[in-house]
Each structure stands twice: as structure tokens, then as C-alpha cells.
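Residues per chain are reported as follows:
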Amino acid sequence: MNDSESTRPPRIALALGSGSARGLAHIGVIRELAAIGIAPSIVCGTSIGALVGGAHACGRIEDLDAWFTQMSTADVFRYLDVSPLSRGGVGRATRLIAALRERFGSPRIEDLGLRYTAVATELANGRELWIQHGDLWDAVRGSIAIPGLLSPARVDGRWVVDGGLVNPVPVSVCRALGADLIIAVNLNSDLGSRQRTRLPRNRGAARVATEDKGAPGLIDRLASGLREKAPPSLTQWLDADSSREPEDDTPGIFTVVANAINIMQDRITRSRLSGEPADIVISPRLAHIGLLDFDAAVETIGAGRSEVRRSRTLILEAVAACTHA
């Protein structure tokens, strides 16, 4: 190692995981890391991690925080751009991407102030795709395309979907970019302990469940809203279909999708982190936050901040050790 390499500051990387609305915790993590003097030079994100990481790479994480904390349930539906007849998914997210461009511009990844990668999955063959050039928000749109919920996106001539299918917490990408210290944010660490989306026991009983939240979750509101818009021939697909017999407790499509994604992310995350461990793993306590509970932004962002505070000593010791290695 030459003198310049021995004296340079360590390259700290953030691996921001997938988890849909739970990913708003990334905002709290990033802001709290900044508060203790941690400034990553590499940010790699999957799905919602790609979105939050992109805003951070633009130097606008505070603005993203303010935007999401003011977002209403109606705003969430509007940005998802829901239509029962959309191809490839019930939402297109065109309004979300347009809003991101309006607020944060349309930078190219190669022009950002830090090294950034969005992880997506090639739909044709299941390959893991690292998007490291081109329009930032096009990359984010591909990475967040949750199968069944958001339609696939075309990136570099390829149809891609959510990167959480192959690499929910992209530690391997950070390592490949030369990180000396990797801080990973795992949004799925306690999903096994959460009461998953409840399967309906009677007509209209489907709801995203938590022990203390009595109001229907966004999954159910999404199903109800789509049922109102959909032709009668499509309502059989939806959880909120009132034509179902009371004794029929077969889960609807959104309940199935939400639970399947939770299970998949939990299992893949455990496997990938076991084989590709990060130096530090931050695991916010998010078991009660549903897949589309973006209207719980204040609580979710706060959970990210709290977990960094709990891990503060460990993080600072790891950075100090890496600096003096």
C-alpha cells in the first residue's frame, strides 16, 4: 500500500435494502448517520432503497423527508397511478417519477456527487442488474417495480422489475465498488415476528394487521379503490369483492401478493447476508409497517433514526478501526 492509500479516509458504503414503505426508515438512518459525522461515499440501493439513496446522492435527503412526512393516503394512490387495466401491474408510478423529477431534477447517475447503483432484476432471465449510468429516476423506476403492483420498466432496452427478487440488501454491490466499510440497512429483520396481512375470515375482513392498528391498511384501500374502478368481470380478483359469499375466506390477490413479497424478502435477505455479511447491519423495528403504509412516514423514519442511535457506539468504533487500519 502506498502512502496516499494509507492516509486516505475509508470508503464508507451504504447498502439500502428493499421493503416498500418500510424503506422510509432509510431516510432516518441517513440523517442520523450524518448527525454523528458519517458521510458515505458509496450508496447502493434496492427498490425503495434505490429511491431514497438516489435522493441522498442528489444531496436532497432533507427534502425527501419533508415530502414523505406530508404525504396523505390520497397522495400515495395518486403517485402510484393505479388503473385496473394497466399492463404488467395495477400501478404505473408515472406520477411518482414525474414528481421526483420536478422536485430533484433529472441528474444522470455518472454525474452524482457519490458512487451510486440501483439494483433491479431482468424480467426475461432473472439476472441481477446493476444500474450505474443513465437517468437516475429511470433507474429507480426499474428498481421499485414490485411484481403485480407496479408494471415493469424498460432500462437499456430490457424489461426489469424490483431488485428485491434477487438482492434485497445489496452488500455485494458495495463490496464490488471498493468499499472499506459497509453499513447495511435490513428492513426485513423482524418480519418473521410480525402478524402478516390477515387472511379474511368473513366478508370485508381483509386488512393489513398489526396488534394495535384498527384501520384498514393501504393494501385493502387499494383493493377497494380498484374494485370501484374495475369492470364487474375483474372484481373477483380483489380482496374487497363484496359479491363473495360470507363463508368464502379465500385470500384475494393483494393479500397474496403482500404476504408473498414479505416471505420472499425475508428468506432471500437472510441467505444473502449470511453469504455476504456487512460490517454493520442496522435493522429498524418495522414489523408493524405494512407493504404500502407510506402514510406512516413519521413513525417509519423515526424508527430508522432510533436504530442508528442504538448502534451509535458500534458504528463509530467500526469507522475508527477502519480509519486506523
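Coordinates for the structure precede this section.
Because the structure is predicted, anything quoted here is derived from the model rather than measured.

Thresholds applied
Residues numbered from 1 in each chain as written. Predicted model: local features only at pLDDT ≥ 70, side-chain atom pairs only at ≥ 80, totals over all residues. Heavy atoms only, no water. Salt bridge = Lys/Arg side-chain N within 4 Å of Asp/Glu carboxyl O. Helix = DSSP H or I, 4+ residues; strand = E, 2+ residues; numbered from the N terminus. Buried < 20%, exposed > 50% of the residue type's maximum accessible area, 1.4 Å probe, protein only. Pairing = 2+ DSSP bridges. Phe/Tyr/Trp six-rings, centres within 6.5 Å; stacked < 30°, edge-to-face > 60°. Axes fitted to C-alpha atoms, helices over the stretch in contact; angles between N-to-C directions. Left-handed = near helix turned anticlockwise from the far one by under 90°. Contact = heavy atoms within 4.5 Å. Nonpolar A, V, L, I, M, F, W, Y, C, P; charged D, E, K, R; others polar.

Trainee: In this structure, what is going on with the pattern of salt bridges? I would like to understand it.
Mentor: Opposite charge on two side chains permits them to pair, given that their charged atoms come into close proximity. Applying the stated criterion to the full structure yields 20 salt bridges. With its nearest N and O atoms 2.8 Å apart, the salt bridge here joins aspartate 138 to arginine 101. Here the residue aspartate 138 occupies a position in helix H7 (residues 136-143), and arginine 101 occupies one in helix H6 (residues 94-104), the gap between them amounting to 37 residues. When its relative accessible area of 39% is taken as the criterion, aspartate 138 is described as partly exposed. On the basis of relative accessible area, arginine 101 is assigned to the partly exposed category, the value being 26%. The salt bridge partner of arginine 158 is aspartate 156, with a shortest N-O separation of 3.9 Å. The partly exposed category is assigned to arginine 158, whose relative accessible area is 31%. A single salt-bridge network, built from bridges that share partners, covers Glu32, Arg305 and Arg309.

Trainee: Even after reading the chapter, I still don't get the pairing of strand S2 (residues 42-46), so can you show me in this structure?
Mentor: A regular strand places its side chains on the two faces of the sheet in alternate fashion. Counted residue by residue, S2 has 5 buried out of 5 residues, so it is predominantly covered. With burial as the criterion, each face of S2 is covered, one bearing Ile42, Cys44 and Thr46 and the other bearing Val43 and Gly45. Taken together, the 4 bridges between strand S1 (residues 12-16) and S2 define a ladder with parallel strand orientation. Across the sheet, the residue bridging to leucine 14 is valine 43, located in S2.

Trainee: Where do I start with helix H2 (residues 25-35) in this structure?
Mentor: Given 3.6 residues to a turn, an α-helix orients residues that are three or four positions apart in the same direction. Among the 11 residues that make up H2, 8 are buried, leaving the element largely enclosed by the rest of the structure. Among the residues of H2, Ala25, His26, Ile27, Gly28, Val29, Ile30, Glu32 and Leu33 are the ones counted as buried.

Trainee: Can you walk me through the packing of aromatic side chains in this structure?
Mentor: The geometry of two aromatic rings is summed up by the distance between their centres and the angle between their planes. Applying the stated criterion to the full structure yields 4 aromatic pairs. Judged by centre distance (5.4 Å) and plane angle (75 degrees), the rings of tryptophan 67 and tyrosine 79 are edge-to-face. With tryptophan 67 in helix H4 (residues 61-69) and tyrosine 79 in helix H5 (residues 73-80), this residue pair connects regions lying 12 residues apart in the sequence. Across this residue pair, the class does not change: tryptophan 67 and tyrosine 79 are buried. Considering the side-chain rings of phenylalanine 68 and phenylalanine 294, the 6.2 Å spacing of their centres and the 20 degrees angle between planes classify their relative orientation as stacked. With phenylalanine 68 in helix H4 and phenylalanine 294 in the loop between strand S10 (280-282) and helix H11 (297-310), this residue pair connects regions lying 226 residues apart in the sequence. Feature note: the residues Trp67, Phe68, Tyr79 and Phe294 constitute an aromatic cluster, connected by ring pairs.

Trainee: Even after reading the chapter, I still don't get the environment of valine 298, so can you show me in this structure?
Mentor: Structurally, the position occupied by valine 298 is in helix H11. The spacing of valine 298 and aspartate 65 is 233 residues in sequence and 8.8 Å in space, taken between C-alpha atoms.

Trainee: Quick question: what am I supposed to make of the packing of H2 against helix H3 (residues 48-57) here?
Mentor: Two quantities define a packed helix pair, namely the angle between the helix axes and the distance between the axes. Two elements in contact, H2 and H3, have axes separated by 9 Å at closest approach and are oriented at 35 degrees. The handedness of the crossing between H2 and H3 comes out as right-handed. The segment H2 lies against H3, with His26, Ile27 and Ile30 engaging Ile48, Gly49, Val52 and His56. When grouped by side-chain class, the residues that make up the contact of H2 with H3 number 4 nonpolar, 3 polar and no charged.

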